[in-house]
Amino acid sequence: TADIGNSSLGSPYLRMNGRLGLKQSGWLTPSHVFHVEGDSNYLAYIKQTGTNIHAMALRGGSTGLDFHMDSANNQARINSVGSDDSLILEVADGTDALTIASNTNATFSGAITIDKADGQLILANGSGTTRAYLQYQESPNNLIISANEAGSDIVFLPALNTALTLADDLSATFAGEA
């Protein structure tokens, strides 16, 4: 069965055998359950206008994604719904680039690049307070490794064995021969 008509916005639609097709201009025979074609910014636009933050849900078996738009807290969130789900961003149609596991560990498949003169990699606690950082200074060419808290040491641990400790009192302790 087929149903042909114009939407309230004047765009033609075609419903055919349980499939809905929308096209910006002209007619579209849908090849998917929901098929949209066009050439414009924001081809699909979803706006949550109330206080409910849930904007969209995608499900497949026991896994899924929820998209939240929380204007009260100025947050947009993507949530995987299964208790053991990982969130994986892929490139090149199937190559994992970033995996965020259900235990919140993150795995990057490539390099992490800070493309900025004097850029920093900041290590913070759960409340966002900077505890340590790595920084490359372009002028002069220095690599800075800093622990920000009094009493914090910088420890080098090759193969989980302490090789060098730089203490906050500026003393250094070598575990092997100097």
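So, here is what we can say about the structure in this document. Numbers given to residues run from 1 along each chain, matching the order in which its sequence is written. Where totals are concerned, whole chains, interfaces and linings use all residues; where local detail is concerned, this predicted model gives features only for residues with pLDDT of at least 70, and gives and counts side-chain atom pairs only at 80 or more. Side-chain calculation: all heavy atoms of the structure are included, whereas hydrogens and water are not.

### Observations regarding the pattern of salt bridges
Okay, step 1: Salt bridge, as used here, is a side-chain nitrogen of Lys or Arg placed within 4 Å of a carboxyl oxygen of Asp or Glu. One pass over the structure, following the stated rule, counts 3 salt bridges.
Okay, step 2: Residue arginine 59 is joined to aspartate 66 by a salt bridge in which the shortest nitrogen-to-oxygen separation is 2.8 Å.
Okay, step 3: The class for arginine 59 is exposed, based on a relative accessible area of 52%.
Okay, step 4: Looking at aspartate 66, the relative accessible area reads 11%, which means it is buried.
Okay, step 5: Linking arginine 77 and aspartate 70 is a salt bridge whose minimum nitrogen-to-oxygen distance equals 3.6 Å.
Okay, step 6: Remark: exposure states derive from per-residue accessible area (1.4 Å probe, protein chains only) relative to the maximum for the residue type, with buried under 20%, exposed over 50%, and partly exposed in between. The exposure class of arginine 77 is partly exposed, given its relative accessible area of 34%.
Okay, step 7: Taking the relative accessible area as the measure of exposure, aspartate 70 reaches 7% and is therefore buried.

### Notes on the sheet that holds strand β12 (residues 130–137)
Okay, step 1: Across the sheet, which stays open at both edges, the 3 strands sit in the order β11-β12-β13 with antiparallel pairing between neighbours. In this open sheet, the two strands that pair with only one neighbour each are β11 (120–124) and β13 (142–147). Each strand of the sheet is rotated relative to its neighbour by a mean of 5°, with strand direction disregarded. Should DSSP find at least two bridges between two strands, the strands are regarded as paired. Working definition: helices are DSSP H or I runs of at least four residues, strands are E runs of at least two. Numbering for both runs from the N terminus. Note on geometry: axes are C-alpha line fits, over the in-contact stretch for helices, and angles between N-to-C directions span 0 to 180 degrees.

### Section: the pairing of strand β5 (residues 54–60)
Okay, step 1: With 6 bridges joining them, β5 and strand β6 (residues 63–70) adopt antiparallel strand pairing. Note on β6: the bridge partner recorded for histidine 54 is histidine 68.
Okay, step 2: Here β5 hands over to β6 after 2 residues, with glycine 61 in that stretch at a positive phi of 65°.

### A closer look at the environment of threonine 49
Okay, step 1: Relative to the elements of secondary structure, threonine 49 occurs in the loop between β4 (34–37) and β5.
Okay, step 2: Assessed through its relative accessible area of 71%, threonine 49 is described here as exposed.
Okay, step 3: For the pair threonine 49 and serine 71, spaced 22 residues apart in sequence, the C-alpha to C-alpha distance is 9.4 Å.

### Section: the environment of lysine 116
Okay, step 1: Checked against the element boundaries, lysine 116 lands in the loop between β10 (106–108) and β11.
Okay, step 2: Judged by its relative accessible area of 61%, lysine 116 is exposed.
Okay, step 3: When the C-alpha positions of lysine 116 and tyrosine 136 are compared, they lie 9.3 Å apart, and in sequence the two are 20 residues distant.

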